[in-house]
Amino acid sequence: MARTRRSADTRQLLVEAGAAGFLTNGYHGTGIKQILDEVGVPKGSFYNYFDSKESFGRAIIEHHSLCVQRNLTEAFGDEADPVRGLRAFFSRLMDDFVVAEFTGGCLIANLGGELEGSALLRESLSGAWGAWRDRIAEQLVLGQRLGMIRSDIDGTELADLLLESWEGAVIRMKIDRTLAPLRKCLDRLLDDYFRP
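It should be emphasised that the depicted structure is a prediction, and the values quoted were computed from it without experimental measurement.

**Structural notes on the overall build of the chain**
- For the chain, the helix and strand inventory stands at 9 helices and 0 strands.
- Counting from the amino terminus, helix and strand elements in the chain follow one another as α-α-α-α-α-α-α-α-α.
- Expressed as lengths along the three principal axes of its C-alpha atoms, the size of the chain is roughly 60 × 40 × 30 Å.
- Counting across all 196 residues of the chain, residues that qualify as buried make up 45%.
- Taking all contacts inside the chain whose residues are at least 6 apart in sequence as the whole, residues at least 24 apart take part in 68%.
- Accessible surface, the chain: about 10,500 Å² in total, of which carbon and sulfur atoms supply 50%.

Written out as structure tokens, the structure is:
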């Protein structure tokens, strides 16, 4: 029984180290040996946990997606005001960007730009994006019901617009080393375009 637990713990450590590596160096710039050395796992043991680097990438994307879902749940909590809940979520992301000194960005977007050649990873990224978008859409639909968000445009379409705009603002943030593009994105959409 203890061996299974250690195995699960090791797998999780590999995924977490891989996520950090992918965010910093990208999928192609992160070597398996580098991750194994960081976690202290012998090179031959990698295949005890993953079939390939591609399946490792899928596990990292799934882990990242679960983290995003957990952060969305925490930010939305019992917040009766869906716009305030959305702002809380994005504010946490901005805090993380400041701590990271405006580097890294969004793992989903970073990998999306790098992995268009892998059907498996593209599907994983699409699923992660969809899960993120759907939770944002739920908040926007709630805002529509409460009369806080315009209802002439579908909530899912508004969620796509918000996240697509956010990701573009993240690129600008990384270039200019400032949160200003992110704040402008939220202000223009949540406090202007999305209002009834």
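**Regarding the layout of surface pockets**
- Considering only enclosed or pocket space, the largest pocket measures out at about 480 Å³ in volume.
- Around the largest pocket sit 21 residues that line it, and Leu 23, His 64, Leu 93, Asp 96 and Gly 105 are the ones nearest its centre.
- Among the secondary structure elements, those contributing two or more residues to the lining of the largest pocket are α1 (2-25), α4 (53-76) and α5 (82-99).
- If one sorts the elements of the lining of the largest pocket by residue count, α4 sits on top with 5 residues.
- For the lining of the largest pocket, the class distribution of residues is 13 nonpolar, 6 polar and 2 charged.

**Describing the nonpolar core**
- One finds Phe 89, Phe 90, Trp 132, Ile 136, Trp 166 and Leu 182 to be the most contacted residues of the largest nonpolar core, which totals 58 residues.
- Ignoring sequence-local partners within four residues, the contact set of Phe 90 consists of Ile 136, Leu 162, Leu 163, Trp 166 and Leu 186.

Definitions and cut-offs
Residues numbered from 1 in each chain as written. Predicted model: local features only at pLDDT ≥ 70, side-chain atom pairs only at ≥ 80, totals over all residues. Heavy atoms only, no water. Helix = DSSP H or I, 4+ residues; strand = E, 2+ residues; numbered from the N terminus. Buried < 20%, exposed > 50% of the residue type's maximum accessible area, 1.4 Å probe, protein only. Contact = heavy atoms within 4.5 Å. Areas by Shrake-Rupley, 256 points an atom, 1.4 Å probe, with all protein chains shown as cover. 1 Å grid on protein atoms, 1.4 Å probe; cavity = no way out; pocket = protein on both sides within 12 Å on 5 of 7 lines; lining within 4 Å. Points joined across faces, edges and corners; volume = space filled by probe spheres on them. Nonpolar A, V, L, I, M, F, W, Y, C, P; charged D, E, K, R; others polar. Core = buried A, V, L, I, M, F, W, Y, C linked by side-chain atoms within 4.5 Å.

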